[in-house]
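Understanding the architecture of this molecule
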Amino acid sequence: MPRPISATISLPFLTHNLAVIHDQLNRISIEHNRSRPKIWAVIKANAYGHGIENAVKAFAQADGLAMLDVDEAIVCREKGWAKPILMLEGFFNAPDINLFSQYSLDATVHCRDQIDMLAGVSVKNPVNVFLKLNTGMNRLGFAPEAFNAAWQRVAALHTQGVVGDMGKMTHFARADERDSLTQKQISLLRHVTDALPGPVSMCNSAATLTPDYWLSLPDAPAQWVRPGICLYGSSPFAHLSSQRLGLRPGMTLRSQLISVRDIQAGEGVGYGHMFVADQPMRVGVVACGYADGYPRHATTGTPVVVKGVRTRLLGRVSMDMLAVDLGPVPEPSVGDEVVLWGEGGPGVDEVAVAAGTIGYELLCAVAPRVPKVVIS
Ligand SMILES: *Cc1c(COP(=O)(O)O)cnc(C)c1O
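Residues numbered from 1 in each chain as written. Predicted model: local features only at pLDDT ≥ 70, side-chain atom pairs only at ≥ 80, totals over all residues. Heavy atoms only, no water.

Observations concerning the UniProt feature "modified residue: N6-(pyridoxal phosphate)lysine" (unreviewed entry) in the protein chain
Mapped onto this numbering, the UniProt entry annotates "modified residue: N6-(pyridoxal phosphate)lysine" (unreviewed entry) at Lys 44. Along the chain, the position of Lys 44 falls in helix α2 (residues 44–48). Here Lys 44 is in contact with Ala 66, Met 67, Leu 68, Glu 72 and Leu 88, once residues within four sequence places are set aside. (UniProt positions renumbered as here; feature names shortened; annotations may be inferred. Helix = DSSP H or I, 4+ residues; strand = E, 2+ residues; numbered from the N terminus. Contact = heavy atoms within 4.5 Å.)

This is how it looks when you write it as structure tokens:
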């Protein structure tokens with residue numbers, strides 16, 4: 001028998017989350033009498049830990065998929081994905097451009113070196129390019145003053161048949177905050193690129209869920225948004241829960257009690273005795289540790305659900321185990337179900353806050369040794 005831990009991936013919930021985003025974009029676009037932005041469902045990092053093949057099935061209604069690993073993109077094509085695929089970091093070397101051409105992968109082009117690579121190859125089918133402008137994230141993208149020259153070089157490669165369609169792209173640094181930076185980034189994007197043809201691709205989950213942002217682009221039939229985390233049922237906002245957004249958990253991490261013991265006042269639990277009982281209490285040990293991807297930085301008090309009852313983590317998380325307070329749980333015994341996060345448990349965002357991180361990191365970090373159970 002394997003250890004009793006598993007991560008259940010719910011394809012219906014993933015599909016539901018995409019529908020929530022789609023319907024909101026649709027409703028607001030109709031209200032404003034403009035075209036609905038198209039959706040690149042972002043499935044980088046093995047679909048935020050949910051599995052590429054699961055994402056291809058669950059997000060069948062998306063207008064495109066976005067990721068950054070060419071091997072993952074090829075899996076999507078082999079599974080029958082025929083709509084656009086955007087590679088968020090483009091190609092890393094010239095030989096890969098042939099794969100982009102062969103598998104019809106749209107390339108983000110964010111630096112001169114990539115244009116040099118394009119200029120040195122010949123391809124069977126032209127590669128579509130989204131030229132990326134750095135509007136303030138200062139991660140990838142051309143500086144505003146370099147953008148036009150870069151555009152002209154790529155346009156020349158379009159004429160030569162190396163590049164296909166051309167679009168414009170940027171990324172926001174603080175779209176999850178109530179802050180004026182995002183509008184400044186959009187103004188800069190418009191200032192630099194409005195006169196150039198082609199679609200615009202912008203908006204992570206937080207910006208997609210803040211309609212003012214995408215509504216401030218000119219109406220055009222092919223604007224794109226790029227939501228990721230919300231599709232998996234985690235909120236991009238610290239101040240707004242996934243429940244309030246109407247999202248459902250794409251992943252549920254479950255395990256079982258493998259030990260139940262009573263301890264006395266003054267006794268400590270686990271490494272370093274980071275928790276010491278101040279009264280007699282019942283403690284459960286769960287088959288889940290940081291080697292499964294549960295965050296070691298989660299502290300006493302992190303929510304966990306045992307046998308349907310919400311309780312708390314105790315002390316330090318070990319490699320393969322963690323301890324929980326069984327005080328509120330009636331008649332606990334070995335084999336009882338524990339939900340670490342997801343359906344019937346705490347939200348992944350709650351666990352993340354208790355561990356000083358974000359839901360993204362927890363979802364991506366679930367270890368390969370944790371068996372995946374897929375609900376279709
Ligand atoms: C990850 C990523 C996204 C999606 O971000 P979320 O916050 O998960 O919605 C969009 N665009 C780019 C360029 C990204 O790297």
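What to know about the nonpolar core
Ranked by size, the top nonpolar core spans 111 residues in total, and within it Ile 43, Phe 59 and Trp 341 carry the most contacts. The element contributing the most residues to this core is helix α1 (residues 11–31), with 6 residues. Residues lining this core come from more than one domain, with at least three contributed by each of domain 1 (37–232) and domain 2 (251–375). Apart from residues no more than four positions distant in its own chain, Phe 59 is found in contact with Leu 14, Leu 18, Ala 41, Ile 43, Leu 65, Trp 81, Leu 231 and Tyr 232. Val 269, Ala 277, Met 281 and Ala 323 belong to the second largest nonpolar core, which has 8 residues in total. (Core = buried A, V, L, I, M, F, W, Y, C linked by side-chain atoms within 4.5 Å. Buried < 20%, exposed > 50% of the residue type's maximum accessible area, 1.4 Å probe, protein only. Domains from an automatic or database assignment.)

Some remarks on the packing of aromatic side chains
Aromatic ring pairs: the centre-centre distance and the angle between the two ring planes describe each pair. Taken as a whole and judged by the stated rule, the model has 9 aromatic pairs. On the numbers, 5.9 Å between centres and 80° between planes, the contact of Trp 40 with Phe 130 is edge-to-face. In this pair, Trp 40 sits in strand β2 (residues 38–42) while Phe 130 sits in strand β6 (residues 127–132), placing the two residues 90 residues apart along the sequence. The rings of Tyr 48, Phe 59, Tyr 232 and Tyr 360 are connected pair by pair, giving a single aromatic cluster. (Phe/Tyr/Trp six-rings, centres within 6.5 Å; stacked < 30°, edge-to-face > 60°.)

Remarks on the site of the ligand
In the vicinity of the ligand, 13 residues are found, and the nearest of them are Lys 44, Tyr 48, Ser 205, Gly 228 and Tyr 360. Note that an oxygen atom of the ligand is positioned 2.5 Å from one of the side-chain N or O atoms of Ser 205. (Near = heavy atom within 4 Å. Polar contact = N/O pair within 3.5 Å; in protein donor to acceptor, adjacent residues only side chain to side chain.)

Here we look at the UniProt feature "active site" (unreviewed entry) in the protein chain
Per the UniProt record, the feature "active site" (unreviewed entry) sits at Lys 44 and Tyr 271. A maximum C-alpha distance of 35.1 Å is found for the annotated residues, which run over 228 residues; spatially they are spread out rather than grouped. Checked against the lining of the second largest pocket, the annotated residues reduce to Tyr 271. By relative accessible area, which is 29% here, Lys 44 ends up partly exposed. (1 Å grid on protein atoms, 1.4 Å probe; cavity = no way out; pocket = protein on both sides within 12 Å on 5 of 7 lines; lining within 4 Å.)

What to know about α1
Over its 21 residues, α1 extends 30 Å from the first C-alpha to the last, a length consistent with the 30 Å expected when each residue adds 1.5 Å. Those residues of α1 not exposed but buried are Leu 11, Phe 13, Leu 14, Asn 17, Leu 18, Ile 21, Gln 24, Leu 25, Ile 28 and Ser 29. A side-chain oxygen of the first residue of α1 lies 3.0 Å from the backbone nitrogen of Phe 13; this N-cap is Ser 10. Positive phi shows up at Asn 33, right after α1, with a value of about 55°. (Expected span 1.5 Å × (residues − 1).)

Considering the layout of surface pockets
Of the volumes computed, that of the second largest pocket is approximately 230 Å³. Taken together, 15 residues make up the lining of the second largest pocket; nearest its centre are Val 269, Gly 270, Val 285, Leu 322 and Ala 323. Listing elements by their share of the lining of the second largest pocket, those giving two or more residues are β10 (251–263), β11 (268–269), β13 (281–286) and β16 (322–325). If you tally residues by element for the lining of the second largest pocket, the top one is β10, at 3 residues. Tallied by class, the residues present in the lining of the second largest pocket amount to 9 nonpolar, 4 polar and 2 charged. (Points joined across faces, edges and corners; volume = space filled by probe spheres on them. Nonpolar A, V, L, I, M, F, W, Y, C, P; charged D, E, K, R; others polar.)

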